[in-house]
Amino acid sequence: MKSANISHNRGTYHGDIPRQPMRFVWHMAKQYGRYGALAFGAVTCATVAGASAPYLYGKIVDAAVMGSATRVFDFVGAFLAITALSFIMWRLSGYFGMKFTLNVERTAYLTLFQYLSHHSQTYFNEKFAGSLANKVSNGADGSERMLEALLWNYYGIVLNIIITCGYLAVVDARLSIFFLVAVIALFGINYALVQRLIPLVVAYSDASSRFRGFAVDVLTNISAVKSYVRMSHEHTVLKRKADERFDANVAEWRYGEYVLVLNNIIVLIVQGILFGGSAYLWSMGHISAGVFVMLLTVFYRVQGDLVFMGNNIRSFIRVYGTIDEGLSEILIDHALVDAPNARPLRMGRGEIAWKDVTFTYGGQPVFQDFNVVIPAGQRLGLVGQSGAGKTTFVSLLLRQVDIQKGGITIDGQDISGATQESLRNNIAIVPQEPILFHRSIRENIAYGKPDATDEEIIEVAKRAEAHTFIMQLTQGYDTLVGERGIKLSGGQKQRIAIARAMLKNAPILILDEATSALDSESEVAIQKALHELMEGKTVIAIAHRLSTLREMHRIVVLEQGNIVEDGTHDTLVRHKGTYARLWKHQAGGFLIE
Ligand code: ADP
Ligand code: MG
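All residue numbers refer to positions counted from 1 along the written sequence of the respective chain. Throughout, the order in which chains and ligands are written sets their labels, letters from A for the former and numbers from 1 for the latter. The predicted nature of this model means local features are confined to residues of pLDDT at least 70 and side-chain atom pairs, given and counted, to a pLDDT of 80 or more, with totals for whole chains, interfaces and linings taken over all residues. Hydrogens and water are ignored here; the side-chain numbers use all heavy atoms of the structure.

As for the site of ligand 1
Part 1: Any residue with a heavy atom lying within 4 Å of a molecule or strand is counted as near it. As a matter of local geometry, ligand 1 sits amid Tyr 361, Gln 364, Val 366, Gln 385, Ser 386, Gly 387, Ala 388, Gly 389, Lys 390, Thr 391 and Thr 392.
Part 2: Counting of polar contacts relies on pairs of N or O atoms within 3.5 Å, with two restrictions inside protein: one atom must be capable of donating a hydrogen and the other of accepting it, and residues adjacent in sequence are counted only when both atoms are side-chain atoms. Note that an oxygen atom of ligand 1 is positioned 2.9 Å from one of the backbone N or O atoms of Lys 390.
Part 3: At 2.6 Å, a side-chain N or O of Thr 391 approaches an oxygen atom of ligand 1.
Part 4: Note on areas: Shrake-Rupley, 1.4 Å probe, and residue coverage restricted to the protein chains presented here. The protein chains hide 62% of the 560 Å² of surface that ligand 1 would expose on its own.
Part 5: Residue contributions to the shell around ligand 1 peak at three residues, all from helix H12 (residues 390–397).
Part 6: Residues are sorted three ways: Asp, Glu, Lys and Arg are charged, Ala, Val, Leu, Ile, Met, Phe, Trp, Tyr, Cys and Pro are nonpolar, and all the rest, Gly among them, are polar. Class assignment of the residues belonging to the shell around ligand 1 gives a composition of three nonpolar, seven polar and one charged. Numbering goes from the N terminus for both helices and strands, where a helix is a DSSP run of H or I of at least four residues and a strand is a run of E of at least two.

Regarding the layout of surface pockets
Taking a probe equal in size to a water molecule and rolling it over the atoms shows the remaining empty space.
Part 1: Its boundaries defined by the atoms lining it, the second largest pocket holds a volume of some 570 Å³.
Part 2: If you trace the second largest pocket, you find 17 residues lining it, with Val 201, Ser 205, Arg 318, Thr 322 and Glu 325 closest to the centre.
Part 3: Elements that contribute at least two residues to the lining of the second largest pocket include exactly helix H6 (129–171), helix H7 (173–220) and helix H11 (309–330).
Part 4: The leading source of residues in the lining of the second largest pocket is H7, at nine residues. A 1.4 Å probe that fits into a set of points on a 1 Å grid over the protein atoms alone but cannot get out defines a cavity; an open set with protein on both sides within 12 Å along at least five of seven lines defines a pocket, and lining residues are those with an atom within 4 Å of a point. Grid points are joined across faces, edges and corners, and a volume is the space filled by probe spheres set on the points.

Things to note about the packing of helix H1 (residues 21–29) against helix H4 (residues 69–117)
Part 1: In this description, a line fitted to the C-alpha atoms serves as the axis of each element, helices being fitted only across the stretch in contact, and the angle between N-to-C directions of two axes falls anywhere from 0 to 180 degrees. Where H1 contacts H4, the axes come no closer than 9 Å and their chain directions differ by 110°. As judged from the angle between their axes, H1 and H4 are roughly perpendicular. Note on packing geometry: the crossing formed by H1 with H4 is right-handed. Every residue of H4 that contacts H1 at Phe 24, Met 28 and Ala 29 is listed here: Phe 100, Val 104, Thr 107, Ala 108, Thr 111 and Leu 112. Our angle categories are set so that under 35 degrees counts as roughly parallel, over 145 as roughly antiparallel, 65 to 115 as roughly perpendicular, and the remainder as oblique. Crossing handedness is read from the near helix: turned anticlockwise from the far helix by less than a right angle, it gives a left-handed crossing, and turned clockwise, a right-handed one. Only heavy atoms matter for contacts: two residues are in contact if any of them lie within 4.5 Å across the pair.

Details of the nonpolar core
Part 1: Working definition of a nonpolar core: buried Ala, Val, Leu, Ile, Met, Phe, Trp, Tyr and Cys residues. They are joined through side-chain atoms within 4.5 Å. Accessibility here uses a 1.4 Å probe with only protein chains present; expressed as a share of the type maximum, an area under 20% marks a residue as buried, one over 50% as exposed, and anything in between as partly exposed. Ile 445, Ile 470, Ile 498 and Tyr 579 are the most contacted members of the largest nonpolar core, which has 46 residues in total.
Part 2: Residue contributions to this core peak at seven residues, all from helix H17 (residues 490–504).
Part 3: When near neighbours in sequence (up to four residues on either side) are disregarded, Tyr 579 contacts Val 383, Leu 549, Ile 555, Val 557, Glu 565, His 569, Leu 572, Val 573 and Leu 591.

Examining the pairing of strand E2 (residues 364–374)
Each regular strand shows side chains that alternate between the opposite faces of the sheet.
Part 1: Where strand E1 (residues 352–361) lies against E2, seven bridges are found, and the strand directions are antiparallel. Counterpart to Ala 353 in the pairing with E2 is Val 373.
Part 2: In short, DSSP must find at least two bridges between two strands for them to pair. Between the end of E1 and the start of E2, which pair antiparallel, lie two residues, with Gly 362 showing a positive phi angle near 50°.

Considering the sheet that holds strand E10 (residues 562–567)
Part 1: Reading across the sheet, the six strands line up as E6-E7-E8-E3-E9-E10 and stay open at both edges, with mixed pairing between neighbours. The open sheet terminates on both sides in strands that have one partner only, identified here as strand E6 (427–430) and E10. Sheet twist, expressed as the mean angle between neighbouring strand axes with direction ignored, is 20°.
Part 2: Pairing between strand E3 (residues 379–384) and strand E8 (residues 538–542): four bridges, direction parallel. Paired with Leu 380 across the bridge in E8 is Ile 540.
Part 3: Docked against the sheet, helix H18 (residues 520–534) engages E3, E6, strand E7 (508–512) and E8, running at close to 155° with respect to E7.

Some details on the sheet that holds E2
Part 1: Judged by pairing direction, the sheet is antiparallel, and its four strands sit side by side in the order E2-E1-E4-E5 without closing on themselves. The open sheet has two free edges, formed respectively by E2 and strand E5 (413–414), since each of these has just one partner strand.
Part 2: For strand E4 (residues 405–410) and E5, the ladder comprises two bridges, and the chain directions are antiparallel. Counted as the bridge partner of Ile 410 is Gln 413 from E5.

Comments concerning a nonpolar patch on the surface
Part 1: Candidates for patches are residues over 30% relative accessible area with no salt bridge; among them, like charges are joined within 9 Å and nonpolar side chains (Val, Leu, Ile, Met, Phe, Trp, Tyr) within 5 Å. For this document, the term salt bridge refers to a Lys or Arg side-chain nitrogen within 4 Å of an Asp or Glu carboxyl oxygen. A contiguous nonpolar patch, built from Val 261, Ile 265, Ile 269 and Ile 273 and spanning about 350 Å² of accessible area, is present on the exposed surface.
Part 2: Mapped onto the secondary structure, Ile 269 falls in helix H9 (residues 231–283).

A word on the environment of Tyr 258
Part 1: Among the structural elements, Tyr 258 can be located in helix H9.
Part 2: Linking Tyr 258 and Ala 446, residues 188 residues apart in sequence, is a C-alpha distance of 62 Å.

Digging into the environment of His 286
Part 1: Residue placement: His 286 occurs in the loop between H9 and helix H10 (289–307).
Part 2: By relative accessible area, which is 59% here, His 286 ends up exposed.
Part 3: In this structure, the C-alpha to C-alpha distance between His 286 and Val 171, residues 115 residues apart in sequence, is 9.2 Å.

Thoughts on the confidence of the model for the protein
Part 1: Counting all residues, the mean pLDDT for the protein is 90, and 96% of those residues have values of 70 or more.
Part 2: This stretch, residues 1–14, has a pLDDT under 50; its non-local contacts, to residues over four places away or in other chains, come to 32 contacts. On a range of 0 to 100, pLDDT expresses the predictor's confidence in each residue.

Concerning the pairing of E8
Part 1: Of all five residues making up E8, five are buried, and the element is well covered by its neighbours.
Part 2: Side-chain alternation along E8 places Thr 538, Ile 540 and Ile 542 on one buried face and Val 539 and Ala 541 on a second face that is also buried.
Part 3: As defined by bridge partners, E7 adjoins E8 across five bridges and the pair is classed as parallel. Bridge assignment links Asp 512 to a residue of E8, and that residue is Ile 542.

The structure is reproduced here in structure tokens:
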């Protein structure tokens, strides 16, 4: 069987993945069609073999009535053989069904993850990573559960109902028609009743997640709860939420019990009519005692399926909803795709130019006819109050969002016509909050250059003033940094991020300085590291540190998306404008925004 059919194309992924749950499941399932066919085939054989039991019971009774011991033994033997066959078939269905559903789960997960990962940065900024991981699981686990239920539950039920109709038809067509009509009516009634159950299910799951959310929140903030002596208050609220959840659960369950009672009554009536009819046929001498027993057994076999029809419909709707929840969030169109004829950037030394750029965030303009040219090799410091547009400036340059008008070029080529991959390959970023994977320090530094040698890694770590502290860690470069780098101090994380950017060695460097002060020792080390990193690059720095600003060739002051001041540090300080004012009011080596 071929492995997961996943395209490993780089750049933008244009999937033809269906968004409708059943079509999605089918799309995944057909890639493992052979396992699927074998699994369904095995279930068919097992069910049909098992369904021969009533026929054999009938034969055994008839033989017993006739007093023929040999025939009784023959049929008992046949019964055991058929049972053995059906067991074997069930286990084969287990084997093929396992291959089928688990492969689908894996492929669905990887496909959804891949599609998801090609969404724009804006998409991710608006979602929580944790909840996105849940959506992927919803889509993948849901597909697996859907196929499991189809294979081992719904399909068998349908097959058994058809077989029952067949048995009844052989004896008397009227019984068969009556049974079929009864089953369809039962389905209709249950389907209608389940529609009213759904709001109750939703209410319960809401109450349940509110309850759990509250409990987690209290535990997360337990130190505040203790220090403010609010424990008994929290317990009271938790008790109330537990009661709400309890009530919602009872409401849902009680309704389910009503449906079951109704089904019990209907099934009992249907059974009464079928048994009564069979007894009548026997009493009139139309059928033998054996056939009578056969009819009783046939119906007995499907009785449970009929009573629990409502529960099956409900679990189908639930799984369907789970898959839908996952797909509807993930399989929306990619907002940012490469142009059809996108080409890789041909990098020169990294000259950046903005020409008449207009960009609005949902109607609110951030930049209007914005122009700026940053010559290759220039170090530009962006300064401005919070909300001035500094972060937006950087994300437009990285093409995390598209501008509405104008153009941004790098070495004369419009970035909207370049592949996103080539654009980002040529820009290194040191973000405000360094992003570290829960992997070794070595892997974290080499992230932008996976084939880097140990010598290269150590060299950049030295230049980034990180080598010394790394060597003091218990496992040196092999130390795992902990989730999001929790084991390292802020300044250490910064220096790892700087080393990573150094190793990437892109012609353009973006620096988003942390606004919070570090201890003075880190401060000096970081300054040295940045100095090394900026060497020979076109730099755009959202700078707060005076020491960084001093290193800039040019300072641009932004105010509501406009350049209000533009010049060297010295000229702007003399100019006595916004920059001079910020400079005067700086504290602890930082500009105050
Ligand atoms: P700075 O980084 O200088 O503080 P930003 O670039 O973050 O400024 O913000 C510029 C303007 O854009 C602000 O008015 C801000 O409210 C707005 N803005 C930023 N991000 C978004 C967003 N995701 N959606 C809507 N408006 C935004
Ligand atoms: Mg910002």
